[in-house]
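# Overview (structure and organization)
Each chain, letter by letter, is given below.
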Amino acid sequence: MADGRLFPHQEMYKWLVYGNDSKHPQADNSFFPRREFCFTLEGDIFVRYQSFKDCQDMQAAINSRCPAKIDIGPVYNVDPQRRSAYTGSSSGFCPVERELVFDIDLTDYDDVRTCGKEGHICSKCWPLMAAAIKILDRGLREDFGFQHILFVYSGRRGVHCWVCDDRARKLSDEQRSAVANYFAVYKGQEKGLVKLGLGPNDRSDHPAITQAYEILEAAFEQHILPEQRLLEDSTQAEAVLGYVPSDFQDLKQSVQQQWASGAHSSSMDDTEGGGESQRRWQILKAEVDGLIRKLQPTATKDSKNRAGAQQAISQLSRCLKEIVFAYAYPRLDMEVSKKMNHLLKAPFCVHPKTGKVCVPIDPELAWEFDPDAVPTVAGLLGQLNSSRGSGSSGSTGEDWRSTDMAAAVDTFHSCFLDVLQAEARSNLAAKAREAAAAPTLAW
């Protein structure tokens, strides 16, 4: 963080302490001091295993050292700064809990993006990240039952996801890998095509796949196609047709001819202003659907051609789904999610290359999020100086409230922290009731 005055120390502490402060008799006062923080100082000096006894201690360290970046690690069995004292002991030094985290980076979509590559990000490629947020949010909440999920813009070209439920934090490395693999539909690329873990043709309608497709089909047609103009790029258009099985060359040729002629699908409403890529996509869908309808009578008859027709229908239906998943499904950095001791950049840090703040994202407003409108450290410092010049008193420790950082912190509260704190208080109260009801040997 370039200036400690812009960092919401109290909010970060309230999150990472999970109710374990000194105000409640059932709180674990050793919990926060066992959390690892890593500071990246000027000159790329990497200082791991930092720990703090409380919020004031953390704030003092951030203000005095002004780290360029703060990473958050796990909670260990002992204070990380005292780890050497436990080396070789029976208990050792090991992580005992850590949020389940996910990392999605736009550089992994460079084969999809037509607006730029590598470190580039703009409103045209943001829909790829918005789709990833929607898929993760639905799956984590509905399929796994997690509730406390925080999405954060990485400050440059991606998104971080923190799953903070108690049972998510207690997952072993093997269990974390299992959850990450659940979302690992994208399997890399081979011979110019994306490899997808959709399962065999007769099992591709797994409920998670079906629900993901409902989200992704709309995302692909309404956001990704028009913004990336995929089918107007000759290389991308050819790549899309590569997902049509090789047995259907006549279909491919018909689609290509209609694309070239400027023909419209009868299913497309010109008044909607669909754009060239949507026009071409509707033509492809219409051709595939038309061939499926043509094959259906044969597929339902008891004849020697029945099996072949059924297979052809399955392949044709699947190819449209494969295109959508290949271009729109989240491409996760799997290694980030698999290990409890993996470091991840803290929210509200400033990305050193862009100057942008790593702000929370409301998943309900993922499509509306604009990475180009994110607060920058230069802008925030200007607002801070202006507020001081207008007669504001000295530093309060929360100077960020007079800047655009306040809106980011409000999102943090409304989408994540308030509900998390309420549950933490409820859990501590339940522990207190259990302790009071427990039998004792006292007379």
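Residues numbered from 1 in each chain as written. Predicted model: local features only at pLDDT ≥ 70, side-chain atom pairs only at ≥ 80, totals over all residues. Heavy atoms only, no water.

## Considerations on the pattern of salt bridges
Following the criterion strictly, the structure yields 26 salt bridges and no others. Residue Arg-48 is joined to Glu-36 by a salt bridge in which the shortest nitrogen-to-oxygen separation is 2.8 Å. Of this pair, Arg-48 sits in strand S2 (residues 45–50) while Glu-36 sits in strand S1 (residues 35–41); the two residues are 12 residues apart in sequence, bridging distant segments of the chain. With a relative accessible area of 0%, Glu-36 lands in the buried category. The closest approach of N and O atoms between Asp-372 and Lys-356, which form a salt bridge, is 3.8 Å. (Salt bridge = Lys/Arg side-chain N within 4 Å of Asp/Glu carboxyl O. Helix = DSSP H or I, 4+ residues; strand = E, 2+ residues; numbered from the N terminus. Buried < 20%, exposed > 50% of the residue type's maximum accessible area, 1.4 Å probe, protein only.)

## Focus on helix H5 (residues 173–182)
Those residues of H5 that sit buried are Arg-176, Ser-177, Val-179 and Ala-180. Take H5 and look down its axis: the buried residues cluster within an arc of 165°, on one side only. Lining the buried residues of H5 we find strand S5 (100–105), helix H4 (166–169) and helix H11 (334–338). (Arc of directions from axis to C-beta. Contact = heavy atoms within 4.5 Å.)

## With respect to empty space enclosed by the protein
For the structure on display, the rule yields one cavity of 30 Å³ or more. Lining the largest cavity are Phe-7, Met-12, Phe-37, Met-58, Ile-62, Ile-70 and Ala-346. (1 Å grid on protein atoms, 1.4 Å probe; cavity = no way out; pocket = protein on both sides within 12 Å on 5 of 7 lines; lining within 4 Å. Points joined across faces, edges and corners; volume = space filled by probe spheres on them.)

## Some details on helix H1 (residues 9–17)
When you tally the buried positions in H1, you get seven out of nine residues, the bulk of the element. Taken as a whole, H1 has its buried residues at His-9, Glu-11, Met-12, Tyr-13, Trp-15, Leu-16 and Val-17.

## With respect to the packing of helix H7 (residues 234–241) against helix H8 (residues 249–261)
Two numbers describe how H7 lies on H8: the axes approach to 11 Å, and their chain directions differ by 150°. Considered as vectors, H7 and H8 are oriented roughly antiparallel to each other. Considering only the axes of H7 and H8, their crossing is right-handed. On the side of H7, the interface is formed by Ala-237, Glu-238 and Leu-241, while H8 contributes Lys-252, Val-255, Gln-256 and Trp-259. (Axes fitted to C-alpha atoms, helices over the stretch in contact; angles between N-to-C directions. Parallel < 35°, antiparallel > 145°, perpendicular 65-115°, else oblique. Left-handed = near helix turned anticlockwise from the far one by under 90°.)

## Some remarks on the packing of aromatic side chains
The full count for this structure, using the stated rule, is 26 aromatic pairs. Here Phe-220 and Trp-281 contribute two aromatic rings whose centre-to-centre distance is 5.0 Å and whose plane-to-plane angle is 75°, an arrangement assigned as edge-to-face. Of this pair, Phe-220 sits in helix H6 (residues 207–228) while Trp-281 sits in helix H9 (residues 275–300), and the two are 61 residues apart along the sequence. The pair Phe-220 / Trp-281 is uniform in exposure class, with both members buried. Three or more aromatic residues joined by ring pairs make a cluster, and in this case those are Tyr-13, Phe-32, Phe-37, Phe-39 and Phe-52. It is Arg-169 that lies over the ring of Tyr-18; its NZ or CZ is 3.6 Å from the centre. The ring of Tyr-213 has Lys-321 lying over it, and the distance from NZ or CZ to the ring centre is 5.6 Å. (Phe/Tyr/Trp six-rings, centres within 6.5 Å; stacked < 30°, edge-to-face > 60°. Lys NZ or Arg CZ within 6 Å of the ring centre and 35° of its normal.)

## Some points on the sheet that holds strand S11 (residues 360–361)
Strands sit in the order S5-S7-S6-S11 across an open sheet of four strands; the sheet is antiparallel. The outermost strands of the open sheet, each flanked by one partner alone, are S5 and S11. Note: strand S6 (residues 149–153) against strand S7 (residues 158–163), five bridges, orientation antiparallel. Each bridged residue has a counterpart across the sheet, and for Leu-150 the counterpart in S7 is Trp-162. (Pairing = 2+ DSSP bridges.)

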